[in-house]
Amino acid sequence: MVLCKMSDRTMARQVLLFIWFLSLSSALGQVSYSIPEEMAKGSLVGTIAQDLGLDLKRLKSGKARIHTGDSAEYIELNKERGVLLIKERIDREALCGQTTPCALHLQIILDNPMELFRITVEITDINDNSPIFKRDERRFEISESAVVGSKFMLEKAIDADIGANDLQSYLLQPTDHFDLKLHSQSDGSKKVEMILQKPLDREKQENMSLILTAVDGGEPPKSGTVQIHITVLDANDNAPVFTKPIYRAIITENSQSGTSLITVSASDSDKGSNGEVSYLIANSDGVSDIFHIDENGLVTLVGKIDFETSKHYQIDIEAVDNGGLSDSSKIMVDVTDINDNTPGITVMSKSNAIPEDSPKSTVIAMISVNDPDSDSNGQVQCSVNENIPFTIKSTSNGFYSIVTDSDLDRELESEYNISVTCADEGVPSLSSSVILSLKISDVNDNAPVFDKSSYEASVQENNTPGLSIFRVRARDADFNQNARVSYILEDSSVNGVPVSSLVSVSADSGVIHAVRSFDYEQIKDFQFRVKAQDGGNPPLSSNVSVKIMIRDQNDNAPQVLYPVQSGASVVAEIVPRSADVGYLVTKVVAVDVDSGQNAWLSYKLQKATDRALFEVGLQNGEIRTVRQVTDKDAVKQRLTVVVEDNGQPSRSATVNVNVAVADSFPEVLSEFTDFPHDKDYNDNLTFYLVLALAVVSFLFIVSIIAILSVKCYRWRREQMFYKSGANLPVIPYYPPLYADVGGTGTLQHVYNYEVCRTTDSRKSDLKYGRPCSESIISLDSSGTQTLTHAQRERLNFDDCEDQQKPPSADWRFTQNQRPGPSGAAGTPEVAVGTGPWPNPPTEAEQLQALMAAANEVSEATNTLGPGTMGLSTRYNPQFTLQHVPDYRQNVYIPGSTATLTSNQQQPQQALPPPQAAIAAAAAQPEPPKAAQTPANKKKSTKKEKK
């Protein structure tokens, strides 16, 4: 029955709402619409263009837009169709809560000319929320002595909807003992009480469960339930009673937490514990989070209250005794307003710039002002700052326009900061302000002007390409595009090279960049011109001269010209042991291609075997002895000289100088092998050893094949010789240490080598001698005669005597140190030289001689590589060949019987006359032995070195 009445009432309200909507009219630029909440996005609100009498073209040309202030934009304008559409889903409960009517206030703004239309859109409620209870269940303890008609206050349900969709009725089931009673209140809500209809009997039923259902008036209706649990007690038969049915209180907004509001009181006629009363707040809508009531009935503020949010509060209170009996009352709280909100200024439309010839009363901005306070606290007056050609005018309630008040002149003032101040009429008054920046546009009537008449700058050489050198700057008194200066590099050339290949100019900033890296040694300075041009129409320009100077940088390290460092040979300077103090050893020559103090060189001795023996001239690089050279000084001396320039930071180069302290060349040779070689040579040593082994193996195989071929050839010739008789010419045999130089050979001299090789191929000794004669063996042109053995011996002795020079007193060899066969036990043949054997050699001796010759050639070839001393490059202008004795005159000569010794006190053995040698050869009874081969000499030399 109740539901039917609610449905009829809802239908009547909808009909009245529809008739009211049809009666709406548009007057003085104001239109109102009514739409239900929860409409879909894009739904039609109304044809605004038709309702306002505007053309669609006017909406587009006027840049029509919607202004909503600080609220969210729920409505959007479709300028193409001239209609208002739903932009975002609208929830009336979230937007307005319980406030009615709920409406959106919009403004439509048009430009050229500026127009303002106010739109009001009312949001009607639909039944989209069900009634809800704050708690899911409620428990009561009721004495069995409770009289019929006892009242029990129940929790009210909350329905966020309004009107017909709001909460309408309650239903309690079952109704055996209790019934519901509703009391309408001044705010439209209903107080729900549960009335005892039938006495309770704890012995029959101690616990009861009831269901309270709240139903709204929507179509279809929605409902919410709460479970009620009742426990029947004994004894307590009197309920508490409040002294007043309604209490009233007043509180100021923004009051501090803990502020006392009011004290309520309730009395209970029972005695003892049944007469003790407790108080509680029964609101389920968040009031309990703002207010609190203690056990004495004192109500205090625990939350924050704001007049702009809620002006009134209703606190439902309940007094309950220990027996479960209760009474209810309410407190009506009124909130008073204070001036706690400053006016809010919103710029609706604004011009950023206007020309200086704009007429008077030109609108430059439109603003809206809102103060949420009430009465005089919400009344606002606006003004602009003084001494500016602008004023502010009020167009309607809360809307203002800022217009020009006099003529504008950009040359006097190019930009204005308009301060708009709005103050309310509260006590004390609160105000807020906003600053609007406005620029005055100009015409192009000023050319750019450079800061200087000419510019000079410097840059250090070896700069990074793209380096910023410096900046030219020109200023234009005009504004905006007319004052925008662009920088252009004028075409010119420097030493035939376009200046654009040297520098570039940033068109926007005027920064001059280096296009490439400069070299002071190539170019020291250059000039060019830069033009500044503004962006006016037509453009104006001016130019300026720029000079760039290149600064020298210490970018080149000193280069050592002498001594030359070579990895292929070791260069050593020889200092005699008789050298005095200040003896010039050598001179380090270096140059630096830089200029100025960057090219000033100084020489320092970094490391030395004996620092007390040598010094280096700081300025000239001359290496001289500091003291007298003694016999205790080591033969090997290694100096490291640092050549350093005077730049910042300085650069340097190092050179290693090897010095040999010796009076004789053999002493240098004996120590020469200990000089360190370059790292590259050490790294490639293994490769060279493998290569040498492969070459020797190849030569050995070739030698074996050659020996076998010669053996077969000679065997056939011997057979032919024996068969042909004694009429054939004698073919001489040349031992390995002799060669035919009758004009057909390639070597003009014959040298006797002694090669000493060790496992460390970097340490090798090489001794060589000059030829005794240009013709050791000569043949006549017919080839049918040969010299006799005695004639060859005599000829050899004569040649040696003619060419042999007296041995030097400071370099002598013992008999065992002499190279070649001179160190062996001498036979007559050996004493005068290894000429042809008296008897034809055997095949075994010939094979041994050929194999020894092959090994001799291969080992001598390997030895004459990086182990030779480069004497040709070690002498500078101060150190000539006169400092070095000619050791080539003091070597062993094949065929000589001189005994050279390294002991200077040992008397030199005189050379015997050739006749004595011939006689000794004739007196020798034993057959001559074969000469010692180079292979045997090599082995013996190795043993001696070991």
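An unreviewed UniProt entry annotates the protein chain as Cadherin domain-containing protein originating from Cyprinus carpio carpio. Of the protein chain, the UniProt comment under Function (unreviewed entry) reads exactly: "Potential calcium-dependent cell-adhesion protein. May be involved in the establishment and maintenance of specific neuronal connections in the brain." What UniProt states about the protein chain under its Subcellular location (unreviewed entry) heading is, verbatim, "Cell membrane".

*Asks:* Even after reading the chapter, I still don't get the overall build of the protein chain, so can you show me in this structure?
*Replies:* Looking only at helices and strands, one finds 12 helices and 53 strands in the protein chain. Across the 946 residues that make up the protein chain, the buried fraction comes to 40%. Contacts in the protein chain between residues far apart in sequence, at least 24 positions, make up 69% of those at least 6 positions apart. In the structure as shown, the protein chain presents an accessible area of about 51,300 Å², 52% of it carried by carbon and sulfur atoms.

*Asks:* How do you make sense of the nonpolar core when you look at a structure like this?
*Replies:* In globular proteins that are soluble, nonpolar side chains generally tend to be buried together. Grouped together as the largest cluster of nonpolar side chains are 29 residues, with contacts concentrated most on Ile469, Val503, Phe526, Phe528, Val546 and Ile548. Apart from the residues within four sequence positions on either side, Phe528 is in contact with Leu489, Ser492, Val499, Val503, Ile512, Val544, Ser545, Val546 and Ile548. The next biggest cluster of nonpolar side chains, apart from the first, holds 28 residues, and it includes Ile35, Ile66, Ile75 and Ile86.

*Asks:* Please clarify how the side chain of Thr300 should be interpreted in this entry.
*Replies:* With respect to the helices and strands, Thr300 occurs in strand S21 (residues 298–301). You can call Thr300 buried: its relative accessible area is 15%. Leaving out residues up to four positions away in the same chain, Thr300 has contacts with Gly258, Thr259, Ser260, Leu261, Ile290, Phe291 and His292.

*Asks:* Where do I start with the environment of Asp476 in this structure?
*Replies:* Tracing the backbone through its elements, the reader meets Asp476 in the loop between strand S35 (474–475) and strand S36 (486–489). In the structure, Asp476 is positioned 28 residues away from Pro448 in sequence and 4.4 Å away in space, judged by C-alpha atoms. Excluding residues that lie within four positions of it along the chain, Asp476 makes contacts with Asn446, Ala447, Pro448, Asn482, Ala483, Val485 and Asp534.

*Asks:* So what exactly am I meant to see when it comes to the pattern of salt bridges here?
*Replies:* Any two side chains of opposite charge can pair, given that their charged atoms come close. A complete count under the given rule lists 17 salt bridges for this structure. When the shortest N-O distance is used, the salt bridge between Arg92 and Asp125 registers 3.4 Å. Here Arg92 is found in helix H4 (residues 92–96), whereas its partner Asp125 is found in the loop between strand S7 (115–124) and strand S8 (137–143), with 33 residues between them in sequence. Asp125 carries the same exposure label as Arg92, and that label is buried. Between Lys156 and Asp316 there is a salt bridge; the shortest N-O distance is 3.3 Å. Of the two residues, Lys156 sits in the loop between strand S9 (151–153) and strand S10 (167–173) while Asp316 sits in strand S22 (residues 312–321), which places them 160 residues apart along the sequence.

*Asks:* How do you make sense of the sheet that holds strand S5 (residues 83–86) when you look at a structure like this?
*Replies:* To summarise the sheet geometry, strands pair through backbone hydrogen bonds and adopt either a parallel or an antiparallel arrangement. Spatially, S2-S5-S4 is the arrangement adopted by the three strands of the open sheet, whose pairing is antiparallel. Unpaired on one side and paired on the other, strand S2 (44–46) and strand S4 (75–78) mark the two borders of the sheet. In this sheet, neighbouring strand axes are inclined to one another by 40 degrees on average, regardless of whether the strands run parallel or antiparallel. Here four bridges tie S4 to S5, and the two strands are oriented antiparallel to one another. In the sheet register, Leu77 faces S5, and the bridge partner there is Leu84.

How each quantity is defined
Residues numbered from 1 in each chain as written. Predicted model: local features only at pLDDT ≥ 70, side-chain atom pairs only at ≥ 80, totals over all residues. Heavy atoms only, no water. UniProt positions renumbered as here; feature names shortened; annotations may be inferred. Helix = DSSP H or I, 4+ residues; strand = E, 2+ residues; numbered from the N terminus. Buried < 20%, exposed > 50% of the residue type's maximum accessible area, 1.4 Å probe, protein only. Contact = heavy atoms within 4.5 Å. Areas by Shrake-Rupley, 256 points an atom, 1.4 Å probe, with all protein chains shown as cover. Core = buried A, V, L, I, M, F, W, Y, C linked by side-chain atoms within 4.5 Å. Salt bridge = Lys/Arg side-chain N within 4 Å of Asp/Glu carboxyl O. Pairing = 2+ DSSP bridges. Axes fitted to C-alpha atoms, helices over the stretch in contact; angles between N-to-C directions.

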